[in-house]
Amino acid sequence: METESEPYVRLSTLRQLHQVVADLNTARSLADTLQTVADGVVAGLNYQLACVNLVRPDGDLVVAAFAGDPAAEALITGRVGSRDAWERRLTMGVPWGDLRFIPHTEGWVLMDDDVPQWHTDGPAPRFEDEWHPHDRLYAPMYASGTGRELLGVISVDRPRNGRHPGPWGQEALQMYASQSAIAISNARLRSNMQRALVRLEREQQALRASEESFRQAFEYAPSGMAIAELGGDQHGRLLRTNDALCRLLGRPASAMRRYSFADLVHPEDIGTLLRTSAEGGRAELRLGRRDGTYVWVSLRNSVVADTADGPRFLLTHVEDIEERKRHELQLAHRASHDALTGLPNSAELRSRLSARLCERPAHTGAYQGPGPDAGFGHGTGQLPAAYEGGYEGGYEYEHEHEHGFGFEQTGGGAYDHHVHTVAPTGGDVDDGTKGLAVLFCDLDGFKSINDRFGHHTGDAVLIEVARRLTTGVRDGDTVARLGGDEFVVLADGLGAADAADLAVRLRNAIIPPIRVDGRAVRVGASFGIGWAECGMTVEEVLNSADQRMYVEKRSRAKVHRRAG
């Protein structure tokens, strides 16, 4: 079972990975991109050495970039390894997904081949998963598409923690290699496009040849390309799209000419599109397919001219990033949710609770908070019945575009005014105030189940308790696992009596027997009810509910002893 600190480590790794992947798209040339790939392994993936081996036109691989050791960089940069030697390395050893790990016990047979290599001396490993100086780990980079053409290989050495990477580290390195392959392909494509554009602008005599070169680069580009009107009444209308973009969106070229990107973009992303400038503008947003679904893409704009003094057009490069977005969402979910129960973890609970609090104490009075799902990202977004019609007035959304896509916006954004969270002031007596209830739940008798039947049974009990708690609350309420056998429920829009009733319902839902491997086990639950209120910190809110839980646990224990 994972420890409470692991989500924070994963969040830190995810932020580092996100940053180095973002840096891949900032390089201006292929050489800069290759060096950025090597630097990103050292800076974001916690290896001390990284080498990028790029496939040459003749099939052999050349050391194109190195990071981590200037002496090693000077020694092996520019050296070439044969394709046969590399194919041998990529077919031996231990496969970790697309990665290939060759332990030192097998790698000795490679010492005399012609692949450039750099090793450091060090003591023999003391543990099974400790990194040996002669261990080798390779991350192949393949071009997108069905052919899986090898673009190059990233070789890494000397993890900073001295251990073999676990599943999380392996997945991060594999994802980084995939994004590096896309960045290298795009750098090559941009280089070709820039050469074509320079010829179009500067060489009037070679206009037809340059136009044909541009046409081929446009039509046969592996990612989507589009040319649109720039300025005038038809500003933004698509004039020409390549086959890759038509396949991506499932629309024929003839139909694409009836649209602009503003017609295809997801309604939630229209603001992002409008803020994207024409010259050098970049954006990540969703475009609609013909079947009604949406796909995540990266847009990159350039301005091109038909002739030296002719009309200008908007050239947009459209890259499919659906897979990367899916991986990012999966990684983000793993970092913010408990691996056993699937509930939000301690870090996510504190984040949701913090979003509802501010340092200034709220004014006393009637309930001012938003609906049950405000700040938590779940549910229908409706307000409690007592709150309907409680907000009057409106807001305005202003936007300035920099002569980019430049379409008029048809709707406003959400208001960003903080609404103070208040708490009932009557203690256990319901004074009519509605607030954000924090129910701290601790299981009774769980430790004895763990000790008697083992962690397998204990884990099954935790999973079932999480299911019963989730079933017993409303859409938009939060059920989180704080750690061990402790859970926390956030329920907005409740009064004191409502919170007490909810605690009783949840306790009654937990009490029935839980069957695990044909055996029925029982646990009880003690609940403490606290209230979130502006002017309190997250820890103060949780500690208040925790203390009330222990008061209730001791009180129930005394009643049980008297009854006995």
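Residues numbered from 1 in each chain as written. Predicted model: local features only at pLDDT ≥ 70, side-chain atom pairs only at ≥ 80, totals over all residues. Heavy atoms only, no water.

Draft legend 1. Summary view of empty space enclosed by the protein. Taken as a whole and assessed by the stated rule, the structure comprises two cavities of 30 Å³ or more. Space inside the largest cavity adds up to approximately 230 Å³. Lining the largest cavity are 21 residues, with Gln-117, Trp-118, Tyr-138, Ser-155 and Val-156 sitting closest to its centre. If you list the elements that add at least two residues to the lining of the largest cavity, you get strand E1 (47–55), helix H4 (83–89), strand E6 (136–142) and strand E7 (150–159). Per element, the largest residue contribution to the lining of the largest cavity is four residues, and it comes from E1. Looking at the lining of the largest cavity residue by residue, the classes come out as 13 nonpolar, four polar and four charged. (1 Å grid on protein atoms, 1.4 Å probe; cavity = no way out; pocket = protein on both sides within 12 Å on 5 of 7 lines; lining within 4 Å. Points joined across faces, edges and corners; volume = space filled by probe spheres on them. Helix = DSSP H or I, 4+ residues; strand = E, 2+ residues; numbered from the N terminus. Nonpolar A, V, L, I, M, F, W, Y, C, P; charged D, E, K, R; others polar.)

Draft legend 2. Here's a closer look at the layout of surface pockets. Its volume calculated, the largest pocket comes out at about 1,200 Å³. Lining of the largest pocket is provided by 45 residues; of these, Tyr-142, Ala-143, Ser-144, Gly-145 and Ile-182 occupy positions nearest its centre. Elements represented by at least two residues in the lining of the largest pocket include exactly E6, helix H6 (167–202), helix H7 (207–219), helix H8 (243–249), strand E12 (312–320) and helix H12 (322–336). At 16 residues, the largest contribution of residues to the lining of the largest pocket is made by H6. Each residue belonging to the lining of the largest pocket can be placed in one class, and the counts come to 20 nonpolar, twelve polar and 13 charged.

Draft legend 3. Local environment of helix H14 (residues 446–453). Residues of H14 that are buried include every one of Phe-446, Ile-449 and Asn-450, and no others. One side of H14 carries all its buried residues, which in axial view fall inside an arc of 100°. In H14, the exposed positions angled more than 90 degrees off the buried face are occupied by Lys-447, Asp-451 and Arg-452. Tucked inside the fold, the buried residues of H14 contact strand E13 (435–444), helix H15 (455–471) and strand E17 (519–521). (Buried < 20%, exposed > 50% of the residue type's maximum accessible area, 1.4 Å probe, protein only. Arc of directions from axis to C-beta. Contact = heavy atoms within 4.5 Å.)

Draft legend 4. Spotlight on the pattern of salt bridges. Per the counting criterion, the structure on display carries 29 salt bridges. One salt bridge in this structure joins Arg-334 and Glu-171, with 2.7 Å as the shortest N-O distance. Here Glu-171 lies in helix H6 and Arg-334 lies in helix H12, a separation of 163 residues in the sequence. A relative accessible area of 22% places Glu-171 in the partly exposed class. Notably, a salt bridge pairs Lys-434 with Asp-498, separated by 3.0 Å at the nearest N-O pair. Of this pair, Lys-434 sits in the loop between helix H13 (346–354) and E13 while Asp-498 sits in helix H16 (residues 496–510), placing them 64 residues apart in sequence. (Salt bridge = Lys/Arg side-chain N within 4 Å of Asp/Glu carboxyl O.)

Draft legend 5. Main features of the confidence of the model for the protein chain. Averaged over every residue, the pLDDT of the protein chain is 81; residues scoring 70 or more account for 81%. Below pLDDT 50 for its whole length, residues 364–403 participates in 70 contacts with residues either more than four positions away or in separate chains. In this model, residues 560–564 is a region of pLDDT below 50 whose contacts with residues beyond four sequence positions or in other chains number zero contacts. (pLDDT = per-residue confidence, 0-100.)

Draft legend 6. Region of interest: the sheet that holds strand E14 (residues 478–483). One open sheet holds the four strands; their spatial order is E14-E15-E13-E18, and the pairing between them is antiparallel. The outermost strands of the open sheet, each flanked by one partner alone, are E14 and strand E18 (524–532). Looking at each pair of strands side by side, their axes are set apart by 25° on average, direction ignored. Pairing of E14 with strand E15 (residues 486–494) involves five bridges; the strand directions are antiparallel. Across the sheet, the residue bridging to Arg-481 is Phe-487, located in E15. Against the sheet, H13 makes contact with E13, E14, E15 and E18, and its axis sits at roughly 130° relative to E14, the strand it touches most. (Pairing = 2+ DSSP bridges. Axes fitted to C-alpha atoms, helices over the stretch in contact; angles between N-to-C directions.)

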